[in-house]
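Residues per chain are reported as follows:
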Amino acid sequence: MLFLHCVRRLSALGLVVASVGAVTVNETASVYTFANDRVSFNVVKRNGYIQNLLLDGISVLGSVSATYALPDFPSKGFALTASPAVEIVQGTDYAGIVVTDNSTDSGSLVQRSWFLRDGETGLHSFVRLGYYNAAQPFKGALGEVRTMFRPNGGPWTTLVTNAEQWAPIPGAEATSKQVQVQDATWYLGLTPSDAYVQQESDYWTKYTFADNQTNKAHGLYGHSADGNPIGAWWVVNQKDTFFGGPFHVDLMVDGIIYNKQSTGHGGATSPNITYGFDRTFGPQFLYLNRGQNASVHDLLADAERYADPAWNSDFYDEIAPHVPGYVPSSSRGTFAAHVQVPAKGKNVIATLSANGVHFQDSAADTTAYQYWVTDVHGGEINIDRVKAGTYRLTVSASGIFGDYVQDNVVIQSGKRTYVKATWVPESAGQELWRIGIPDKTSGEFKNGWERDLSHPLQPSKYRIYWGAWDFPTEFPGGVNFTIGKSVESRDWNYVHWSQYGGTYTRNNTVTDINRWTINFHIDAHTARKLTFNSVATFTIQLAGARTTAGNTDANQGDYPSFPINTYVNDQAESLSWTIQPYDSSSCGERSAISCHLLSQKFQFPGTWLKKGDNRFVLELPHAAPVYVQYDALRLELQ
């Protein structure tokens, strides 16, 4: 079995090797109990919750009365019923349970499936949602759907987002004395001896531990009573049933481990639910592991080995008749391509997503699936196990403005689709200057990827509450950036605030920061091209923008939309771009550097420029609760 093969390779780390035994199912008046040689758990009959989850006799959920693993619907789009139907499934080396909540009143269907195999220390999870209400065929946006591993106590001491981002869980004294500074964000500096405060930050927020959909596994780390390290992880082995593409950011862990099937975080598009909607999310793998003397990174690396769509594919095909909506191997094909990427392109990502729309908006097609590879080298792209259908191919690369996009890529069951193409980069003439790296993030700028060297774990500053980096002190009057002299990582902030404050350390609101200046020089040779026929092109790529719509797309607040105005030298007329409510994302304020991606090009007469010193002013509305995060900017001349 694949699991045992992987475990043997990891024996040098001291990870516990499973012995294969039968999976048993027992029933009492209130619960079903599933067990193999190492893992056991109860499924509560009245609600389908998982409780009393044990690894080698160790309770990983803590107190039974308050803990569970289950799907959750904060947006109230779906709900569980009081008397779900249950199907017990047993095979030669596995057992599972399918719990169906079919609300005949509302027309909504929720189906939760959990499977346990011989020799594996984890549970395979699926969630199916359906809507069949002909009387009310339009249900609205799906909103947030998540499956949670929610412990109450247990052996856990450490939150783990990925190999780079992890930190101790704040202690009881720190949380008892915490001071709230914004939603889900607290100041913990009143307890300086707390491990989190000492190692990570004076501020705690769940958004510190977010990640995008390239995440392979995330979870909790701790020690059992015998002192041995133990881990619990959501392994995202298949992401094709999610929405939003590889850059979509969401919560991973905050004491609860999240598996987010749908969300509006980061300005993500939410599926619109109408009559006939029926989608199965998964599988994902809730994995438990132990290892003598194993570090956080050892146990995480073990979990990440299973983040492979091909892993356990034969098993998933076997149980497919019991999981309606799961796409078996017989209905999948293979995609391959060679795309000649522009010479300066780095960190190339290829994405297959809903045909005809940007990959971040794939939820516009509620039947769409998504696939990507993040390690494209030499332009060679290979994606296996793609659901048959028609897709958009998008190729992105750090350092290149825009993307390569090709629609109508057809995948057929059991066949290989091959595409050969050349990506011709966007160009509007001679590039006069650029600010930033076009990589769909604002991370290269000050307080982005930059490390907080005042704490031993040295987190990236963007992950910490934004109020920790006092913008008016760092940039009095706003950014004033000079091409050729200023440095992006020092002289350009990761967020362009219209106003700033208050924060924990600042009681007032600063409003004279909404205008940022770019200074640049045009030499005599270039100035000869500034004729009446010349055209300048100014490109702004945004990694995020926040209106008073927040993440809702709703026309709410005083600034549900707002303009970004660019003034060129002394021209009275600005280059104006209006950010709409559906463009909005609560990004920087929620510890993110990449959310809903936006781009705009302006063309204007080359004669607006001049020989010698020139100036652009980027202006947001004055004293408004809005901001933008620049990905990259570029000026070209034709």
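No experiment lies behind these values; they were computed from the predicted model shown. Within every chain, residues take consecutive numbers counted from 1 along the sequence as written. Restriction of local features to residues with pLDDT of at least 70 applies here, the model being predicted, together with a cutoff of 80 or more for giving and counting side-chain atom pairs; totals for whole chains, interfaces and linings are based on all residues. Calculation of side-chain values draws on the structure's entire complement of heavy atoms; hydrogens and water are dropped beforehand.

Novice: Which residues make up the sheet that holds strand S35 (residues 515-522), and what values do they have?
Specialist: Pairing in this open sheet of five strands is mixed, and the strands run S33-S35-S40-S37-S38 from one edge to the other. Unpaired on one side and paired on the other, strand S33 (480-482) and strand S38 (575-579) mark the two borders of the sheet. Within this sheet the neighbouring strands show an average axis-to-axis angle of 15°, counted without direction. Two strands qualify as a pair provided that DSSP identifies no fewer than 2 bridges between them. Secondary structure elements follow DSSP: runs of H or I of four or more residues count as helices, runs of E of two or more count as strands, with numbering from the N terminus. Looking at chain direction, S35 and strand S40 (residues 612-619) are connected through eight bridges and run antiparallel. Within S40, the position partnered with His521 by the bridge is Asp613. Here an angle of 0 to 180 degrees is reported between the N-to-C directions of two axes, which are lines fitted to C-alpha atoms, with helices fitted over the stretch in contact.

Novice: An account of the environment of Val495 is needed here, citing residue identities and associated values.
Specialist: Tracing the sequence through the fold places Val495 in the loop between helix H7 (488-491) and strand S34 (496-497). Its relative accessible area of 0% is what places Val495 among the buried residues. Linking Val495 and Phe209, residues 286 residues apart in sequence, is a C-alpha distance of 19 Å. Throughout, exposure labels follow a simple rule: accessible area from a 1.4 Å probe, protein chains only, divided by the maximum for the residue type, with under 20% read as buried, over 50% as exposed, and the rest as partly exposed.

Novice: Kindly report on the state of the cysteines, identifying the contributing residues and their values.
Specialist: Here, the term disulfide refers to a pair of cysteine sulfur atoms separated by no more than 2.5 Å. One pass over the full model with this rule turns up one disulfide. The disulfide partner of Cys587 is Cys595, and the gap between their sulfur atoms is 2.3 Å. What sets the handedness of the Cys587 and Cys595 disulfide is the S-S torsion sign, and at about 90° it is right-handed. For Cys587, a relative accessible area of 0% puts it in the buried group.

Novice: Could you give an account of unusual backbone geometry, with specific residues and numbers?
Specialist: The residue after Gly282, namely Pro283, is reached through a cis peptide bond having omega 5°. Examined against the element boundaries, Pro283 turns out to sit in strand S24 (residues 278-290). Residue Gly502 follows Gly501 across a cis peptide bond; omega there is -5°. Along the chain, Gly502 falls in the loop between S34 and S35. At Ala184, a residue that is not glycine, the phi angle is positive and equals roughly 55°.

Novice: Describe the packing of aromatic side chains, listing the residues and the values that go with them.
Specialist: Whether two aromatic rings pair depends on their centres lying within 6.5 Å, for rings of Phe, Tyr and Trp, where Trp uses its six-membered ring; planes under 30 degrees apart make the pair stacked, over 60 edge-to-face, and the rest tilted. Taken as a whole and assessed by the stated rule, the structure comprises 45 aromatic pairs. Here the aromatic rings of Phe445 and Trp492 are separated by 6.1 Å at their centres, their planes lie at 45°, and the arrangement is tilted. Of this pair, Phe445 sits in the loop between strand S32 (430-435) and helix H6 (471-474) while Trp492 sits in the loop between H7 and S34, placing them 47 residues apart in sequence. Each member of the pair Phe445 and Trp492 is classed as buried. A centroid spacing of 5.2 Å and a plane angle of 55° characterise the contact between Tyr465 and Trp466, whose relative ring orientation is tilted. In terms of burial, Tyr465 and Trp466 fall into one category: buried. Only lysine NZ and arginine CZ atoms are considered, and such an atom sits over a ring when it is within 6 Å of the ring centre and within 35 degrees of the ring normal. Taking the ring centre of Phe78 as reference, the NZ or CZ of Lys139 above it sits at 5.4 Å.

Novice: Hey, could you go over the pattern of salt bridges for me, with residue numbers and the actual values?
Specialist: In the sections that follow, a salt bridge refers to a side-chain nitrogen of Lys or Arg positioned within 4 Å of a carboxyl oxygen of Asp or Glu. On inspection of all chains with the given rule, the structure shows 28 salt bridges. The closest approach of N and O atoms between Glu173 and Lys177, which form a salt bridge, is 3.1 Å. Take Glu173: its relative accessible area is 45%, and that puts it in the partly exposed class.

Novice: Quick one: what's the story with the confidence of the model for the protein chain, residue by residue and with numbers?
Specialist: When the pLDDT values of the protein chain are averaged, the result is 94; 96% of them are 70 or greater. The model gives residues 1-20 a pLDDT under 50, and that stretch makes 42 contacts with residues more than four places away or in other chains. Residue-level confidence of the predictor is what pLDDT reports, using numbers from 0 through 100. Only heavy atoms matter for contacts: two residues are in contact if any of them lie within 4.5 Å across the pair.

Novice: Tell me about the pairing of strand S41 (residues 627-637), and please be specific about residues and values.
Specialist: The element S41 is largely enclosed, with a buried count of 11 among its 11 residues. With five bridges joining them, S32 and S41 adopt antiparallel strand pairing. Considered in S41, the bridge of Arg434 is made with Arg634. Sheet topology note: the S34/S41 ladder contains two bridges and is antiparallel. The residue bridging Trp497 from the neighbouring strand is Tyr627, located in S41. Relative to S41, strand S36 (residues 535-546) runs antiparallel, the two sharing 10 bridges. Note that in S41 the partner of Thr537 across the bridge is Glu636.

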